[in-house]
Amino acid sequence: MSSGGRGQRVSAVVDRVAAGVIRAGGLGVILALLLIILYLLFQVAPLFRSAAVDPLVEYALPAADRGPSVYLAAGDGADGGLRVTASGGVVVFSGRDGAVRRLLSLDLPARAAIERVVADSSRPGRLAAGLSDGSAIVFEVPDGGAEEAITYPLGPAPFPLLDGAPLRALGIDSGDDGVLLVGAGGGAVAAALVADAPRRMQRLSWDAPPPAAVSGVVVVPGGQRLMLLDADGALHPVARSGRRLAPLPGGPGGRAVTAMALLPGGRSLVTAWASGGATQWQLPGGEAAALKAVRTFDSGPQPLLLLAAEQHRQGFAAIDAGGALWLVNATSQHLWQQRALAAATPLHLALSADAGRLLLEFGDGRMAWWRVANAHPEVSWRSLWGRVAYEDDAQARFSWQPAASGDGFEPKMSLVPLVFGTLKAAFVALLLALPLGVGGAIYTAHFMDPGVRRYVKPMVELMEALPTVILGFVAALWLAPLLEANLLGALLAALLWPLAVLGAAAAWHALPPALSQRLPTGLQGVLVVPVLAAFFAGCFRCAPLLESTWFGGDFTLWLSRDLGVAFQQRNALVVGVALGFAIVPSIFSIAEDALFSVPPHLTQGALALGARPWQTLVGVVLPIASPAILSAAMIGCGRALGETMIVLMASGNTPLLDVNLFEGLRSVAASVAMEVPEAELGGTHYRVLFLSGLVLLGFTLLCNTPAELLRQRMRRRYRSL
Amino acid sequence: MPRGPAHACHRRRLWPARLRALALRSSCLLAAMPVMLPGWPGSGAAWADAAIEPVAAGAARYTPVSGVAGNLSSVGSDTMANLMALWSERFQRIYPGVNLQMQAAGSSTAPPALTQGTADIGPMSRPMTASERLAFERHHGYPPLELVVAVDAIALYVNEYNPLEGISLAQVDAMFSRSRRCGAPAALHYWSELGLSGIWQRRPIALYGRSSASGTYGYFRQRVLCGGDFRSSLNELPGSSSVAQAVAASLNGVGYAGMGYAMAGVRALPVRQAASGEYVAATVGNVQAGRYPLTRYLHIYLNRRPGKALAPVEAEFLRFVLSSSGQRLVVKEGYIPLAADMARRQLRELGP
């Protein structure tokens, strides 16, 4: 009796320990899932954080005795700034306290003062100064030690552009054939090309008279296009070919322009209106001549007086007449405002290259540094989910092209093509896998001979062991070309196989009993296999004949040419077949186990009461096993949504929004797999990829939760049985 | 990290070159045995190396040093994957204590890896962009060390049954891009628009290319599309060899990949820069003469703190790559070696 008692105590302890371990395991799974979701949210949250601007330091103008600045530039991080004064002084000062690091002087001709300084966007560090006697000087301020002097890459002699009239507007671009200098002032516009070796200046001639009263000049990087702004606010594009300049039809005028800035990449120009707000213009490229206004930014009634474009993003900072700072991103059309940055309007605004520092110079001899935290301005709800008109686009569209291994690129981060592609692949895969998996499970569990079942079930479950990389590889390299070459045969086989099976069944029934009874009952089902194989082979064999008779010899060409249905070799059908093949074993094993484990007394009772096998299946077995079948479908759906390798290799990764089964697709999982290694850690692209993962998780939860609730309800209903 | 598909899709193109080399060597051995007379035309070894010797002439020989051992990790270009594998294999033969780990998912994976310190060397088939350089500088405080190690050309591959004679770069832009920034008047969708007829009448063009992680993609975008965007219908494949594979399997396909990825079933289209003139074929001779318009340098980026020397493993690996033995492997792989003075300049930049 005592050993029985001890045995009971031991088993009680084991029971408690097991219960505890299982409970801990279950809680651990839930905890892990919550942690994953939290981590995703943590990575994604900064995307939606608003910009923040903090004042850093303020001090008096460095080397104030040289006068106020005509040009101001800000460095990144701890670097300081650079200012150029009208008397030709170049002051490099420290960012922390305004101490003068270097004080240099430009070689100006006698009695000439600097009217305007512009930076060359094609050659960082190169500046051009327009003088009051109508000439221009090109110089570079080196980053080096204190002993380095200003260099003149084209020589210290100024280039005479205008005859005596002060150069009010200036543009410079360093290209392969020389440095292009464009100057305007006193009603005249002149341009010259300065070649380097041998050094000579060639004036450019105008095919038609240039606009008068030009107040602003912008040279598009590349030197083939100029933009002239006149006092009326009209923009005049000018095309250059060699040494000739040809004005093109301009943009509408009528409103005065207060400031102008070229966005990185050289394809867009932003002009700020005196009546408030700004417009982004698409600069003409190639053969296109007309200027197009693509976006407007509504910054209120106060005009934007100073514009500073960012260097690595399509955005700009601006100060309006009320002293407010605006941070604008062109892609997402997102405007962020900081009220009352300054009491008085600053004279100059400079943005550092990494857009992290803002430098302001005021008329009363003060300078202020502000820190800008604006990490992800190009992401907004609209840029993620709505149609956006990007640069070079005729109309707004959904596009996924977030990185391009190059500078000056506008990232296109709309999640719509990815989500659509994922759903499309999952839909086709489930369309194939659910009927096959559930149907196969029903037959195997309910109708199949136990002897045959002993072989068939493990074989199907062995399919699950195939690595999906191999499936994707085979689909891309073997299935896709095969399908393209035999599309008609495949479609015929896919549409007509039920007829073949029914026909074979009818023929079997028509056989005399002497023949049909020869075969053991269980093996009757196996006969379908050679019938189907013969049918498929027949379809494939007959297809070329049909193709040449009706479809002009090439079915895929007929589809795209005559029916207008585009055909790609790597398309959703190939992906669906491969993905379906990968999902079928999971659905099959769960459903089959559930169907097989329906209590036999129920099925036997039904059969005993006179129900036919089919009625037993539909009326008794399926309802009892339905929770598990639903759960099998959920698992299949989750797997189809998240499968990476098959889609990455077989789909062509084309971010298209097309319902056409014969076009490619791009799924979230494949995008993440391809792009996370190249995305900068903590950058916008990186976080948007995490956001797409979160969206995928959301979809899976959305799809699984109602199914799970339904499953629970059905389980409760049939538990009593 | 998509190491799986990149390596799964990698066809080792070494086998044609290696078979050829093997055949050459065995035939040379057989020929050399009875014919040891100097001056006999075709006496084996001299003939086999004659093709390579002028290339390596002037490049410094590599002299092994002692004390080189450890791990060397490389993350970067898929175009240079086979080349890096050849170099690392030879390097490991010289220094058995070195263990080189390679990941080749695309050039754009190199800058983040170098910045974060997860890689020692970053091979890239395009130069680093300003923002990548900025990210590196912001993290480390100094710019990365950039070395040029070989010359490569991008070829435009079409199916072997495609009879097109040649193509101009503006036409390539019109085929591949959405924005046509290079100035082509209209988009090209069908092979018949390029002048083909018969079965090519209104046959749509199927585009194959690389993903945005690739330096080949970046170079093609800058050079051929003039900075424009690719069409959404471009099939993005993980590796250059899979681009060639896909074009071989698709009659109406066209794709771009490095010159060395040619295989049976594709042919490289001769290209011309302007709308008229001679088409230039993608051959080593044309690339070396500067006639082929789509040539580029292959780079390797390193993290070297100014004032400090590189780790011996890294320094010796780069010295090996820039030596005559390393450049000979470049030729073996189907790329073009550096000119001798360029190699010397790179060695000088590497430091003492």
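Calculation criteria
Residues numbered from 1 in each chain as written. Chains lettered and ligands numbered in written order. Predicted model: local features only at pLDDT ≥ 70, side-chain atom pairs only at ≥ 80, totals over all residues. Heavy atoms only, no water. Axes fitted to C-alpha atoms, helices over the stretch in contact; angles between N-to-C directions. Helix = DSSP H or I, 4+ residues; strand = E, 2+ residues; numbered from the N terminus. Parallel < 35°, antiparallel > 145°, perpendicular 65-115°, else oblique. Left-handed = near helix turned anticlockwise from the far one by under 90°. Contact = heavy atoms within 4.5 Å. Polar contact = N/O pair within 3.5 Å; in protein donor to acceptor, adjacent residues only side chain to side chain. Buried area = accessible area lost by both parts, 1.4 Å probe. Salt bridge = Lys/Arg side-chain N within 4 Å of Asp/Glu carboxyl O. Pairing = 2+ DSSP bridges. Phe/Tyr/Trp six-rings, centres within 6.5 Å; stacked < 30°, edge-to-face > 60°. Lys NZ or Arg CZ within 6 Å of the ring centre and 35° of its normal. Buried < 20%, exposed > 50% of the residue type's maximum accessible area, 1.4 Å probe, protein only. Patch = residues over 30% accessible without salt bridge, like charges linked within 9 Å, V, L, I, M, F, W, Y side chains within 5 Å. Areas by Shrake-Rupley, 256 points an atom, 1.4 Å probe, with all protein chains shown as cover.

Colleague: Help me out: how do you make sense of the packing of helix 4 (residues 450-463) of chain A against helix 10 (residues 572-596) of chain A in this one?
Modeller: Between two packed helices, both the angle of their axes relative to each other and the distance between the axes serve to describe the pair. All names here are of chain A. For the pair helix 4 and helix 10, interaxial distance at closest approach is 7 Å and the crossing angle is 140°. Between helix 4 and helix 10, the angle is such that the two are oblique. Helix 10 is crossed by helix 4, and the crossing has left-handed handedness. Where helix 4 approaches helix 10, its residues R453, K457, V460, E461 and M463 are matched on the opposing element by F581, V584, P585, F588, S589, E592, D593 and F596.

Colleague: Even after reading the chapter, I still don't get the side chain of A:H348, so can you show me in this structure?
Modeller: Residues and elements named next belong to chain A. As for its placement among the helices and strands, H348 is situated in strand 27 (residues 348-351). From its side chain, H348 meets the backbone oxygen of S69 in a polar contact 2.8 Å long. If we ignore the near neighbours within four places in the chain, the residues touching H348 are S69, V70, Y71, L72, L306, L359, L360 and E361.

Colleague: Help me understand the interface of chain B and chain A in this model?
Modeller: Listed as interface residues are 49 residues of chain B and, on the opposing side, 46 residues of chain A. Across the chain B to chain A interface the summed buried area is about 4000 Å²; carbon plus sulfur atoms make up 52%. Here chain B is connected to chain A by three salt bridges. Residue A:K412 pairs with B:D229 through a salt bridge whose shortest N-O separation is 2.8 Å. Across the contact surface, chain B and chain A share 10 residue pairs in polar contact (both at pLDDT 80 or more).

Colleague: What's the story with the pairing of strand 26 (residues 334-338) of chain A in this structure? I'm lost.
Modeller: Walk down a regular strand and you will see the side chains alternate between the two sheet faces. Residue and element names in this part refer to chain A. Relative to strand 26, strand 25 (residues 325-329) is paired through five bridges, and the arrangement is antiparallel. Directly across from L327, in strand 26, lies its bridge partner W336. With antiparallel pairing between neighbouring strands as the criterion, strand 25 and strand 26 make up a hairpin whose turn holds four residues, including Q333 at a positive phi of roughly 55°.

Colleague: When you look at the packing of aromatic side chains in this model, what are you seeing that I'm missing?
Modeller: Within a pair of aromatic rings, the relevant descriptors are the distance that separates the centres and the angle that separates the planes. Under the criterion given, the structure shown has 23 aromatic pairs over all chains. For A:R453, the ring lying beneath its charged end belongs to A:F596, and the centroid distance is 3.7 Å. The ring of B:Y219 carries B:R296 above its face, with NZ or CZ at 5.7 Å from the centroid.

Colleague: What should I look at first to understand the environment of A:G130 in this one?
Modeller: Residues and elements named next belong to chain A. With respect to the helices, strands and loops of the structure, G130 is situated in strand 7 (residues 126-131). In this structure the C-alpha to C-alpha distance between G130 and G171, which are 41 residues apart in sequence, comes to 9.2 Å. Those residues in contact with G130 that lie beyond four places of it in its chain are A113, I114, E115, R116, S135, A136, L167 and L170.

Colleague: Before we go on, may I ask you to explain the sheet that holds strand 24 (residues 315-320) of chain A in this structure?
Modeller: To summarise the sheet geometry, strands pair through backbone hydrogen bonds and adopt either a parallel or an antiparallel arrangement. Residues and elements named next belong to chain A. One open sheet accounts for four strands, arranged 23-24-25-26; its pairing is antiparallel. Single-partner strands in this sheet number two, and they are strand 23 (304-309) and strand 26. For this sheet, the mean inter-axis angle between neighbouring strands, taken without regard to orientation, is 20°. Alignment of strand 23 against strand 24, held across five bridges, turns out to be antiparallel. Its bridge partner lying in strand 24, A309 is registered against F316.

Colleague: Please clarify how the pattern of salt bridges should be interpreted in this entry.
Modeller: Think of it this way: side chains of opposite charge can pair up when their charged atoms draw near. Residues and elements named next belong to chain A. Per the counting criterion, the structure on display carries 26 salt bridges over all chains. Across the pair R453 and E592 runs a salt bridge whose closest N-O atoms are separated by 2.6 Å. One end of the pair, R453, is in helix 4; the other, E592, is in helix 10, and 139 residues separate them in sequence. Judged by its relative accessible area of 15%, R453 is buried. For E675, the salt bridge goes to R666, with nearest N and O atoms at 2.6 Å. Beyond isolated ion pairs, a larger network of salt bridges with shared partners links R453, K457, E461, E592 and D593.

Colleague: Would you take a moment to explain a nonpolar patch on the surface for this structure?
Modeller: Together, A:L466, A:I470, A:V474, A:W478, A:L482 and A:F581 give the surface a local cluster of nonpolar side chains, amounting to about 520 Å² of exposed area. The dominant element in the nonpolar patch, judged by the number of residues it contributes, is helix 5 (residues 468-485) of chain A, at four residues.

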